[in-house]
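Structure at a glance
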Amino acid sequence: MGFSRRTVLKASAASAVLGSIGAPFVARAQQAEFTYKYANNLPDSHPMNIRAKEMAAAIKTETHGRVDLQIFPNNQLGSDTDMLSQIRSGGIEFFTLSGLILSTLVPAASINGIGFAFPDYPTVWKAMDGDLGAYVRGEIRKANLEVMDKIWDNGFRQTTSSTKAINGPDDFKGFKIRVPVSPLWTSMFKAFDASPASINFNEVYSALQTKVVEGQENPLALISTAKLYEVQKYCSLTNHMWDGFWFLANRRAWEALPADIRTIVAKNINAAAEKERADTEKLNATVMADLKGKGLIFNQPDTAPFRQKLREAKFYAEWKGKYGEHAWSLLEKSVGKLA
Ligand code: X2X
């Protein structure tokens, strides 16, 4: 039995309506109650983003789909400066940021970056999972941001250059080095008589490529995953600073989560941090051979003259005064006398 054209058109119109009516119910069943954005500045291949993907999947499973954590790596949502504004305004709900960059809002947050303070990872975690970390998290919360207990690892920072190896502090004189946007980074390299330029990480590769700056400093894991070896020739193992990433949350967005959901989210974020720490430490320890294979020329300078130069420049005394006795005593409790 043939159907008239009119009948077919009526039927297709009805199915379209039914289909669309049906769709929202299907879509709604899959739509999360909380769709939150987590942004960071690291390449997709960095351990941070490898572990973050696992973390987001575990949170979705354990909340039975109520929380959908969408990850935006590699400065997709803007520079660190942009994303810090967004986490404060609620444009994004989560953001991992170096304490040294956060210090533009929370001055105490840069204290882990004091030059040559930490000799090794056990000392780092004793401080950051102990009294010093607790103090810094308290200061961050005073700035109306929420922060997770476990700081994520960036690593011990090394100096790369397109012009020369850095063998001693004198080699820093007049050296045009990119530093992240942070008073402590600028202060330390000025104490070396270098010429620091504050540039967000999303512009580092091009600044090196166009020779706006001669060099930069970062852990080996980032020199590798951000492919900085493509625009640098030398890597001097100055080991001048340890740096990490606080996992920040917008206060309003965090408190909008029911308490049981907050517990699940925090548990998984902190568990991911522990795994990322192990991954990043291993990568920082093993990637040198690969970087040599890509043409980077390594040298290992004696770090004592660099530390002496900072003392002579009153760098430690200056920052002890900025942080105050209490914070400085918490740092020295973990690392010993610095000034
Ligand atoms: O900007 C940098 O150098 C980086 C990626 O290490 C930080 O986020 C501090």
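Residues numbered from 1 in each chain as written. Predicted model: local features only at pLDDT ≥ 70, side-chain atom pairs only at ≥ 80, totals over all residues. Heavy atoms only, no water.

A look at the confidence of the model for the chain
Heads up, the rule is: Per-residue confidence from the predictor is reported as pLDDT, a score between 0 and 100. By definition, residues are in contact when any of their heavy atoms lie within 4.5 Å.
Confidence in the prediction of the chain, expressed as mean pLDDT, is 93, and 91% of residues score 70 or more. A low-confidence stretch, residues 11-29 stays under pLDDT 50, and its non-local contacts, those more than four residues away or across chains, total 2 contacts.

Examining the pairing of strand β3 (residues 94-98)
Applicable threshold: Burial classification: accessible surface area is computed with a 1.4 Å probe over protein chains only, and a residue below 20% of its type maximum counts as buried, one above 50% as exposed, and the rest as partly exposed. A run of DSSP states H or I qualifies as a helix once it reaches four residues; a run of E qualifies as a strand once it reaches two. Both are numbered from the N-terminal end. The rule for pairing is simple: two strands pair if DSSP sees at least two bridges between them.
Counting buried positions along β3 yields 5 of 5 residues, so the element is predominantly enclosed. The pairing of strand β1 (residues 34-39) with β3 spans 2 bridges and is parallel. Bridge pairing in β3 links Ala39 to Phe95. Here 5 bridges tie β3 to strand β11 (residues 242-250), and the two strands are oriented antiparallel to one another. The residue bridging Phe94 from the neighbouring strand is Ala249, located in β11.

Considerations on the environment of Thr210
Note the cut-off: Nitrogen and oxygen atoms within 3.5 Å of one another constitute a polar contact, given that in protein one can donate a hydrogen and the other can accept it, and given that sequence-neighbouring residues count only through two side-chain atoms.
Tracing the sequence through the fold places Thr210 in the loop between α8 (204-209) and β9 (215-218). Separated by 21 residues in sequence, Thr210 and Val231 place their C-alpha atoms 9.1 Å apart. In this structure the side chain of Thr210 is engaged in a polar contact, spanning 2.7 Å, whose partner is the backbone oxygen of Ser206.

Regarding the pairing of β11
Buried residues dominate β11, accounting for 9 of its 9 residues. Alternating residues of β11 divide into Trp242, Gly244, Trp246, Leu248 and Asn250 and Asp243, Phe245, Phe247 and Ala249, and every residue in both groups is buried. The pairing of strand β4 (residues 145-147) with β11 spans 3 bridges and is classified as antiparallel. Considered in β11, the bridge of Glu146 is made with Ala249.

Some details on empty space enclosed by the protein
Basically, it comes down to this: Only protein atoms enter the 1 Å grid used here. Points where a 1.4 Å probe fits but cannot escape make up a cavity, open sets with protein on both sides within 12 Å along at least five of seven lines make up a pocket, and a residue lines them when an atom lies within 4 Å of a point. Grid points are joined across faces, edges and corners, and a volume is the space filled by probe spheres set on the points. Basically, the charged four are Asp, Glu, Lys and Arg, the nonpolar ten are Ala, Val, Leu, Ile, Met, Phe, Trp, Tyr, Cys and Pro, and anything else, Gly included, counts as polar.
All chains considered together, the criterion is met by 1 cavity of 30 Å³ or more. Around the largest cavity, the lining comprises 17 residues; the ones closest to its centre are Asn41, Ile101, Arg157, Arg178 and Pro180. When its residues are assigned to classes, the lining of the largest cavity shows 8 nonpolar, 5 polar and 4 charged.

Focus: the side chain of His240
Of note, His240 is situated in the loop between β10 (234-236) and β11. On the basis of relative accessibility, which here comes to 1%, the residue His240 falls in the buried class. A polar contact is formed between the side chain of His240 and the backbone oxygen of Arg157, at a distance of 3.2 Å. In this structure the side chain of His240 is engaged in a polar contact, spanning 2.8 Å, whose partner is the side chain of Glu217.

A word on the pattern of salt bridges
Using the following cut-off: Salt bridges are identified by distance alone: a Lys or Arg side-chain nitrogen within 4 Å of an Asp or Glu carboxyl oxygen.
Applying the stated criterion across every chain, the model contains 23 salt bridges. In this structure, Lys337 engages Glu332 in a salt bridge whose closest nitrogen and oxygen atoms are separated by 3.2 Å. Overlapping salt bridges bring together Arg137, Arg141, Glu146, Asp149 and Arg251 as one network.

Some details on the environment of Ser98
Considering the arrangement of structural elements, one finds Ser98 in strand β3. Setting aside its immediate chain neighbours within four residues, Ser98 contacts Trp185, Asp243, Gly244 and Phe245. Within polar-contact distance, the side chain of Ser98 engages the backbone nitrogen of Leu100 at 3.0 Å.

Quick notes on the site of the ligand
As a reminder, the rule being used: Residues are counted as near a molecule or strand when any one of their heavy atoms sits within 4 Å of it. Per-residue and other accessible areas were derived by the Shrake-Rupley procedure at a 1.4 Å probe size, with only the shown protein chains allowed to occlude residues. Should more than half of a molecule's atoms lie within 2 Å of a pocket's or cavity's grid points, that molecule is taken to sit in it.
Near the ligand lie 13 residues; those nearest to it are Asn41, Asn154, Arg157, Arg178 and Asn218. Protein burial of the ligand: of its 270 Å² of free accessible surface, 100% is covered by the chains. Taken atom by atom, the bulk of the ligand overlaps the largest cavity. Taken together, the residues of the shell around the ligand break down into 6 nonpolar, 4 polar and 3 charged.

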